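# Coordinates in review
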Amino acid sequence: MNTNIEPDIVITDLDRQRLLSVLDHYASAADALDWELHRATIVPHGLVAADVVTMNSDVVYEDCATGARRAVRVVYPQYADASHSRVSVLAPVGSALLGLKVGQQIDWELPSGRRSVFVVEVRYQPEANGDFHL
């Protein structure tokens, strides 16, 4: 992931462990996710702040270019479903959102040009609700 803005990100120990197996399985499509995992601060899953985007979080983000807002759930690749606003962590926006907290922005390059998103709200986070099995 080539970024101009690289905000500090936080990933839980459980998410990191689970995502490493995703990297093994989807190695050719996981460069951005691999980059995010390597630069992240890893915290115990019970200590992550409630405003951090973790796996299976429902998040509202804003496209900085258009101002359009979208609510999505960041999910493992096998659960991605655009019709239900479930975005894969391997999708560019999925890997970009993972680990950000409310109020943070991230920029990255896509073949179609630069993209920038801002995290508006984390509506649901499994860890904040004690849902560590997700």
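Described in the following lines is the structure provided in the data block. Quick caveat, the model's predicted, so the values are computed rather than measured. (Residues numbered from 1 in each chain as written. Predicted model: local features only at pLDDT ≥ 70, side-chain atom pairs only at ≥ 80, totals over all residues. Heavy atoms only, no water.)

Mapped onto the fold, Ser57 is located in the loop between β2 (41-43) and β3 (58-63). Among the polar contacts listed, one links the side chain of Ser57 to the backbone nitrogen of Thr54, at a separation of 3.0 Å. (Helix = DSSP H or I, 4+ residues; strand = E, 2+ residues; numbered from the N terminus. Polar contact = N/O pair within 3.5 Å; in protein donor to acceptor, adjacent residues only side chain to side chain.)

To continue, consider helix α1 (residues 13-25). One full turn of an α-helix is made of 3.6 residues, so residues set three or four places apart face in the same direction. Counted at 1.5 Å a residue, the expected span for α1 with its 13 residues is 18 Å, and the 19 Å between its end C-alpha atoms agrees. Along α1, the residues that are buried comprise Leu14, Asp15, Leu19, Val22 and Leu23. Residues of α1 that are buried sit in contact with β1 (10-12) and α2 (31-39). (Expected span 1.5 Å × (residues − 1). Buried < 20%, exposed > 50% of the residue type's maximum accessible area, 1.4 Å probe, protein only. Contact = heavy atoms within 4.5 Å.)

With that settled, the discussion passes to the nonpolar core. Residues Leu19, Leu33, Val74, Val89 and Leu97 are the most contacted members of the largest nonpolar core, which totals 29 residues. Where this core is concerned, the elements lending two or more residues are α1, α2, β3, β4 (69-75), α3 (92-97), β6 (105-110) and β7 (113-124). Apart from the residues within four sequence positions on either side, Val74 is in contact with Val53, Thr54, Met55, Asn56, Ser57, Val59, Val87, Val89, Gly94 and Leu97. (Core = buried A, V, L, I, M, F, W, Y, C linked by side-chain atoms within 4.5 Å.)

What the rule picks out here adds up to 5 salt bridges. For Arg39, the salt bridge identified is with Glu36, shortest N-O distance 3.3 Å. Taken together, the residues Arg39 and Glu36, both in helix α2 and 3 residues apart, mark about one turn of the helix. Asp63 serves as the salt-bridge partner of Arg115, at 3.3 Å between the closest nitrogen and oxygen. In this pair, Arg115 is assigned in strand β7 and Asp63 in strand β3, connecting sequence segments 52 residues apart. (Salt bridge = Lys/Arg side-chain N within 4 Å of Asp/Glu carboxyl O.)

On to the pairing of β4. Two strands pair when backbone bridges link them, and β3 and β4 are joined in this way by 5 bridges, in the antiparallel orientation. Residue pairing for β4: Asp58 is matched across the bridge by Arg73. The pairing of β4 with strand β5 (residues 86-88) spans 3 bridges and is parallel. What sits directly across from Arg73, in β5, is Arg86. (Pairing = 2+ DSSP bridges.)

Two elements, β3 and β7, share 6 bridges in a ladder whose sense is antiparallel. Paired with Asp58 across the two strands is Tyr124, which belongs to β7. With 6 bridges connecting them, β6 and β7 associate as antiparallel partners. Paired with Leu110 across the strands is Gly113, a residue of β7.

What is shown is where atoms sit, not what they do.
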